[in-house]
Structures are given as structure tokens and as C-alpha cells.
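Structural overview
The lines below spell out each chain.
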Amino acid sequence: MNEPFKHHSNSRLILKEWSELSPGLIAGFTTKNGGISGGPFHTNNLGLHVNDNSEDVAANRRQLAEELGFPLSKWACADQIHQDQIVKVTEELTGFGTTNYDDSIKGTDAFYTNKKNILLTLCYADCVPVYFYAPEQGFAGIAHAGWKGTVKNIAGKMVQLWEMTENIPAASIHAAIGPSIDSCCYIVDDRVVTQVDEALENCPATSTAPYEKISEGQYRLDLKTVNKLLLLQAGVREENIHVSTYCTSCQNDLFFSHRRDKGKTGRMLSFIGVKDEQ
Ligand SMILES: [Zn+2]
């Protein structure tokens, strides 16, 4: 199995190849293990908005901050709403929403920065984490793409934004699609696949549809592949895209899953940041 997200510890996976590409870069995804939360949030819940004890979540977050060497005061945290707002993070925007959800950056589902020592974070329980990195220009980004963010093309919009406002050619951008619910466990209806078709209208590589009809009005949808096609459509090179094989719903030992756990569950955290090695 060629899995780009490798076990680093009980509580997290890291994108090993990217760390090798740039030694200061830390990108990864947490597991549900190694924390102190109880009940449906057992044990490493990192979401503050899911009715877990907020002190337990804060302790789980502090532990991750310690392990990664990025203090909470340098984290960017979002109030995620399944839309497509992308925020460029500077020092002034860090440290909010790290232990109190109400302070988090409002209505945001993607972050990017070119500043060192800032950790971009977003929460997930089945949605697709899409990571971005431009090694030469030193830009890092992360997006939260459930089906809504996916069909709004939040992944492609990040690439377009970097091209237009930061002068970074799409061909020099590396992307990674992290652990998320796979087509084995993700059934959707016509309303969703119609919007998938619309989002992929200009895709150069749509010879295989990223969904499979299983009965009238029911489809197995592969959101990872949709996001990959959107990245290709935006000009990212195929050899620069890593895709995780982990299904958050199948891997009950590693991940929380909103669908599998029927809505009452914890959140994993995606993170990316570049450390100043001086
Ligand atoms: Zn599955």
C-alpha cells in the first residue's frame, strides 16, 4: 500500500515525503487516539464545537502543540461552514479559537500562509483535507472539502488564488488529499452528483466518473477523486498530487467518522506549517 500519510505516533500521521522535500515543513493529520476525551469523543477529540468538555479538548490541543513544537498562540483556527472562503494568515490572525471556539476565524474553510512558525489547522470527521505546498515560494495551505466545499471547488480556488495573487504557477504546487470517507462508505443522491458533474465541467480527465450508480438516485461518491480532478483541472501536475488510501469510516481504530458514528463523534485535525530552523 502506497500510503503517503505515515504513522508518526499513536496520535498522528505525517506526510513524510513533504517533510523530506523541505525539512522545516510539518504537515499531517491526527488520529482519534492518544488524548483524554471520554464518551463519543474517546480519546483525541480536537474539535471545540461538538459538545465535548472544552477543557479536555484544550488539553488534547496543548499536547499536539507541544509535540509539533508550534505553540497554540501560533495556530490559525476556523469556524468552518462548508463554504469556500480562503483566508491568508498572518501573525495577527493566530492564537484565536485555540481553546474557545467563539474566537475562531469566522466562516472560513481554507487557510494559507507564507509566514514561518504559523500552524494552519482545520477540523474533520469524514470531509476531505486538501493540503497545498509551493516549496520554492514557501507557501503552505489547507482546505476543508466536504461535498459542498468540493463542488464549490475550494481546492481549485486555492490554486487559482496562489496563481493570481501570489504569482505561483499551478505546475509548481504540490497537493495532498488526506484521510477522509471513501466511496466504500459514502452514498449520495442525484442532487450531489449533479453538482459534481457541474464542478468537473472543464476537467481534462473525466473519462472515468468519480461516482458509481448503485440504484435509482443512489451513488457511491469518491470525494478524494473529485478533489484530485479539480486540482488537475486547475493545473496541478498529477505527479505532484498524493492521495491517502485511508477511509475514515472503515478505519474505526484510527478515525472519528460523522457518518459511521451517526453525528455524535469527535474531530481530527489537519495541520501544516513551516518552522524557521534558525
Ligand atoms: Zn470505507
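Residues numbered from 1 in each chain as written. Predicted model: local features only at pLDDT ≥ 70, side-chain atom pairs only at ≥ 80, totals over all residues. Heavy atoms only, no water.

Turning next to the coordination of the zinc ion. The coordination sphere of the zinc ion, as far as protein atoms go, consists of Cys184 (SG), Cys185 (SG), Cys247 (SG) and Cys250 (SG), spread over 2.3 Å. Each of the 4 donor atoms around the zinc ion contributes to a set of angles spanning 103 to 115°, which defines the coordination as tetrahedral. Donor residues binding the zinc ion come from one chain and are separated in sequence as C-C-x61-C-x2-C. With Cys185 in the loop between β10 (174-177) and β11 (187-188) and Cys250 in the loop between β14 (241-243) and β15 (268-274), this residue pair connects regions lying 65 residues apart in the sequence. (Donors = N, O, S within 2.8 Å, 3.2 Å for Na, K, Ca; no water. Tetrahedral: all angles 85-135°; square planar, octahedral: opposite > 155°, others 65-115°. Helix = DSSP H or I, 4+ residues; strand = E, 2+ residues; numbered from the N terminus.)

This part covers the environment of Ala140. Here Ala140 shows up in strand β9 (residues 139-145). Residue class for Ala140 comes out buried when judged on its relative accessible area of 2%. For the pair Ala140 and Leu119, spaced 21 residues apart in sequence, the C-alpha separation works out to 9.6 Å. Once you skip the residues sitting within four places of it in the chain, Ala140 turns out to touch Phe111, Tyr112, Thr113, Leu120, Phe132, Tyr133, Trp162 and Ile272. (Buried < 20%, exposed > 50% of the residue type's maximum accessible area, 1.4 Å probe, protein only. Contact = heavy atoms within 4.5 Å.)

Proteins that are soluble and globular tend to have nonpolar side chains buried together. Counting residues in each nonpolar core, the largest one holds 43 residues, and the members touching the most others are Val130, Phe132, Val159, Trp162, Leu221 and Leu231. Counting residues per element, this core draws most heavily on helix α6 (residues 223-233), at 6 residues. In this structure Val159 touches Phe132, Ala170, Ile173, Leu231, Ala234 and Val236, once residues within four positions along its chain are discounted. By size, the runner-up hydrophobic cluster in this structure holds 30 residues, among which are Ala27, Phe111, Leu122 and Ala176. (Core = buried A, V, L, I, M, F, W, Y, C linked by side-chain atoms within 4.5 Å.)

The next subject is the side chain of Glu3. Tracing the chain through its elements places Glu3 in the segment before β1 (5-9). Here Phe5 takes part through its backbone nitrogen, which lies 2.8 Å from a polar atom of the side chain of Glu3. Each residue touching Glu3, except ones within four places of it in the same chain, is listed here: Ser244, Thr245 and Tyr246. (Polar contact = N/O pair within 3.5 Å; in protein donor to acceptor, adjacent residues only side chain to side chain.)

Note that every value here comes from positions in space, so none of it alone points to a role or purpose.
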